[in-house]
Structures are given as structure tokens and as C-alpha cells.
Amino acid sequence: MIAAMGRRSLRKVSPELDWAPYLLKVEDLPRPWSRAAVFGSPVDENGEIVAIDDADVPLEVELGSGKGLFMQRASGERPDHHFLGLEVSYKYARYSASRLAKHERTNARMVHGDGLAVFREILPDRSVTAIHVYFPDPWWKARHRRRRVLNESFLVDAQRTLISGGLLHVWTDVEEYFESTLELIRDTKLEGPLEVPERPAADDMDFRTHFERRTRLHDEPVYRAQFRNP
Ligand SMILES: C[S@@+](CC[C@H](N)C(=O)[O-])C[C@H]1O[C@@H](n2cnc3c(N)ncnc32)[C@H](O)[C@@H]1O
């Protein structure tokens, strides 16, 4: 088990990269929530702003993006979705934003700050199509367990913010965290766990996240589940 992300493994962000438009602070998020304010509005061939209904553009939110592999790849695979990555570490949030800038992912933004607060205070009811939580910090010691992001109050927010049919994805390399999360979710209305099979990686970066990559390259098990909001 790899307990912490190695500091040395973070590459330098190129000074030429204009990552700032891809990085917001929790305090700067619009209240009330506005997708147009966060992602901008598309313009037509005459330069006129096109009004889009949020319901037509699925919103996917990742809690704890780390180095941003998921944000980069998923926003490229689903260009018609919006992606919001939440990361409490400025260094990682900026690094992830730089990946989005490098790949010109206009449909994706990083938010620096406490992602739990974004769910608790900002995201409206039934506004999110998918919530992604990959390899959350395990907080091994019993007295630190309450710091875990997969906690009862987050799960209440997950149910509230997910649309009907929306999915909560939970992957971890910590079996005990996985089992205790399944137990917490059993007390909610979320349906599952739905099985998520492991598939072979098609290339060296074909992993959901950096932690998945590192765990699998070490031949260690990954516990995966998804849950559907009724
Ligand atoms: C173990 S890392 C995993 C990163 C990434 N998901 C992966 O699989 O490679 C957990 C990440 O969650 C972030 N994190 C922890 N608590 C958070 C919170 N309340 N809000 C946003 N990010 C958080 C940490 O800073 C860290 O980058």
C-alpha cells in the first residue's frame, strides 16, 4: 500500500502554460451556483452567447483529484460533459489545472479547497451526474478516521446532489476503508454496490488515476464499486 503521494514525483509546471483560467478557489465559486459562470458560455458563429440548459450538459465531480489524471483523461473522453475536480492541496490543484490547460480542456475546471464544503454548501440538489472518489486518504489511526472524506455527511450530500440514475464511484486500495464505506452506504438509499470489473491497461497511462496506476504496477488489489442514486 502506498500511503502518501511522493512530493518528488510532481513535475514542474511550465511557466508558459496559462493554467490560471482552469483553477478556481472554493471561495470564488458562484453562490448561487452557476455553470455558465464556472465553465463559460459557448458562442455561436456570430459570436452570440448560446444559452444552454445545465440539464443538457452532464456534470461530473471528482473529490480529491491528486495529480489530475482522471480529470485530464475523462474530460477528453467525454467532451460534452462538464468536469469539476476538487483538491484541497494547492500544489496538486495547480498541477491538475496545468494538465487541463495543456490539453485545452475547456469543459473542465479544478477547484482548490475543501471539496466536502463544495458538496455541502454549493452544489444544488440533483445537479450532478457522477461523483468520483478514487483512493481517498485512508487516515489509518482510529482517532483520525473522522477525517475520511467518505463519511456519513458526505454521503447525505452525494444522495442530495446526484440526479436520479446518477452514479457514485468509489475505488480504493484499502480493504478496510472499502468495507466500512460499503457499510455506511448500506444505510443510505444509494443502490449497489454495482460491480466494476478490472480491465487490462491499453497503454502506460490507461488507468483511472495515478494511484490506480501505482497500485496495479505494484500488483496490489484495487477495490472498486459504483452506486446508483434511485
Ligand atoms: C491519496 S490521494 C489520491 C489522489 C487521486 N484521486 C488518485 O487516485 O491518484 C487523495 C487526494 O485527496 C485530496 N483530498 C483530501 N481531502 C480532501 C478534501 N476534503 N477536499 C478535496 N481534496 C481532498 C488530497 O489532497 C489528495 O490529493
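Residues numbered from 1 in each chain as written. Predicted model: local features only at pLDDT ≥ 70, side-chain atom pairs only at ≥ 80, totals over all residues. Heavy atoms only, no water.

Looking at the overall build of the chain
Reasoning step 1: Across its full length, the chain holds 7 helices and 8 strands.
Reasoning step 2: The C-alpha atoms of the chain give 17 Å as radius of gyration, which agrees with the globular expectation for 230 residues (17 Å, within 12%).
Reasoning step 3: If you line up the chain on its principal axes, its C-alpha atoms span 55 × 40 × 35 Å.
Reasoning step 4: The long-range share in the chain, meaning contacts at least 24 apart out of those at least 6 apart in sequence, stands at 77%.
Reasoning step 5: For the chain, the distance from the average site of its 34 positive side-chain charges to the average site of its 37 negative ones is 7 Å. (Helix = DSSP H or I, 4+ residues; strand = E, 2+ residues; numbered from the N terminus. Rg over C-alpha atoms; globule rule 2.2 N^0.38 Å. Contact = heavy atoms within 4.5 Å. Lys, Arg positive; Asp, Glu negative; His and termini not counted. Charge placed at Lys NZ, Arg CZ, Asp CG, Glu CD.)

Things to note about the site of the ligand
Reasoning step 1: Not every one of the 19 residues close to the ligand is listed here, only the nearest: Gly64, Glu87, Gly115, Tyr134 and Thr209.
Reasoning step 2: Here an oxygen atom of the ligand sits 2.5 Å away from a polar atom, N or O, in the side chain of glutamate 87.
Reasoning step 3: Residue phenylalanine 211 places a main-chain N or O atom 3.0 Å away from an oxygen atom belonging to the ligand.
Reasoning step 4: The fraction of the free accessible surface of the ligand (600 Å²) that becomes covered by protein chains is 90%.
Reasoning step 5: Of all the secondary structure elements, the ones that give two or more residues to the shell around the ligand are strand E3 (82–87) and helix H7 (210–217).
Reasoning step 6: Of the residues that constitute the shell around the ligand, the class distribution is 8 nonpolar, 8 polar and 3 charged. (Near = heavy atom within 4 Å. Polar contact = N/O pair within 3.5 Å; in protein donor to acceptor, adjacent residues only side chain to side chain. Areas by Shrake-Rupley, 256 points an atom, 1.4 Å probe, with all protein chains shown as cover. Nonpolar A, V, L, I, M, F, W, Y, C, P; charged D, E, K, R; others polar.)

Points about the confidence of the model for the chain
Reasoning step 1: When pLDDT is averaged along the chain, the result is 94; 97% of the residues meet or exceed 70.
Reasoning step 2: Mean pLDDT in the chain bottoms out at helix H1 (residues 35–39), which sits at 95, and peaks at strand E2 (residues 59–63), which reaches 99. (pLDDT = per-residue confidence, 0-100.)

Concerning the nonpolar core
Reasoning step 1: Counting residues in hydrophobic clusters, the biggest one holds 35 residues, and the most contacted among them are Leu84, Leu123, Ile131, Phe154 and Leu168.
Reasoning step 2: The residues contacting leucine 123, other than those within four sequence positions of it, are Trp33, Leu59, Val61, Leu84, Val118, Val128, Arg160 and Thr161. (Core = buried A, V, L, I, M, F, W, Y, C linked by side-chain atoms within 4.5 Å. Buried < 20%, exposed > 50% of the residue type's maximum accessible area, 1.4 Å probe, protein only.)

A short note on the pattern of salt bridges
Reasoning step 1: Applying the stated criterion across every chain, the model contains 18 salt bridges.
Reasoning step 2: Linking arginine 73 and aspartate 203 is a salt bridge whose minimum nitrogen-to-oxygen distance equals 3.8 Å. Of this pair, arginine 73 sits in helix H2 (residues 69–77) while aspartate 203 sits in the loop between strand E7 (191–194) and H7; the two residues are 130 residues apart in sequence, bridging distant segments of the chain. (Salt bridge = Lys/Arg side-chain N within 4 Å of Asp/Glu carboxyl O.)

Topic: the packing of aromatic side chains
Reasoning step 1: Considering all chains together, one arrives at 6 aromatic pairs under this definition.
Reasoning step 2: Ring geometry for phenylalanine 70 against phenylalanine 83: centres 6.2 Å apart, planes inclined by 70°, an arrangement best described as edge-to-face. Of this pair, phenylalanine 70 sits in helix H2 while phenylalanine 83 sits in strand E3, placing them 13 residues apart in sequence. Accessibility classification places phenylalanine 70 together with phenylalanine 83 in one group, the buried group.
Reasoning step 3: Judged by centre distance (5.2 Å) and plane angle (75°), the ring pair of tyrosine 134 and tryptophan 171 falls under edge-to-face. (Phe/Tyr/Trp six-rings, centres within 6.5 Å; stacked < 30°, edge-to-face > 60°.)

What about the sheet that holds strand E4 (residues 108–112)?
Reasoning step 1: Sheet architecture is open: 8 strands sit in the order E1-E4-E3-E2-E5-E6-E8-E7, paired in mixed fashion. Strands at the two margins of the open sheet, each flanked by one partner only, are strand E1 (23–25) and E7. Each strand axis lies, on average, 20° off the axis of its neighbour in the sheet, ignoring direction.
Reasoning step 2: Strand contacts of helix H6 (residues 175–186): strand E6 (162–172), E7 and strand E8 (223–228), with the helix running at about 15° to E8, the strand carrying the most contacts. (Pairing = 2+ DSSP bridges. Axes fitted to C-alpha atoms, helices over the stretch in contact; angles between N-to-C directions.)

Examining the packing of helix H4 (residues 115–122) against helix H5 (residues 152–161)
Reasoning step 1: Two elements in contact, H4 and H5, have axes separated by 9 Å at closest approach and are oriented at 50°. Comparing the axis directions of H4 and H5 gives the class oblique. The handedness of the crossing between H4 and H5 comes out as left-handed. Taken together, the residues of H5 that come into contact with H4 (itself represented by Leu116, Phe119 and Arg120) are Phe154, Asp157, Arg160 and Thr161. (Parallel < 35°, antiparallel > 145°, perpendicular 65-115°, else oblique. Left-handed = near helix turned anticlockwise from the far one by under 90°.)

Re H5
Reasoning step 1: Here H5 has its buried residues at Phe154, Leu155, Asp157, Ala158, Gln159 and Thr161.
Reasoning step 2: Contacts made by the buried residues of H5 are with E2, H4, strand E5 (128–134), E6 and H6.
Reasoning step 3: For H5, the N-terminal cap is asparagine 151; the gap from its side-chain oxygen to the backbone nitrogen of serine 153 is 3.1 Å.

A few points about the pairing of E3
Reasoning step 1: Extensive coverage of E3 is indicated by the burial of 6 of its 6 residues.
Reasoning step 2: Covered by surrounding structure in E3 are His82, Leu84 and Leu86 together with Phe83, Gly85 and Glu87, the residues of both alternating faces.
Reasoning step 3: As paired strands, E2 and E3 are joined by 5 bridges and run parallel to one another. From the neighbouring strand, leucine 63 faces E3, where its bridge partner is leucine 86.
Reasoning step 4: Once the chain exits E2 it traverses H2 before rejoining the sheet at E3, and the crossover so formed is right-handed.
Reasoning step 5: Bridge analysis of E3 against E4 gives 5 bridges, and the strand direction is parallel. In the strand pairing of E4, glutamate 87 is matched with histidine 112. (Right-handed = clockwise from strand over helix to strand, strands pointing away.)

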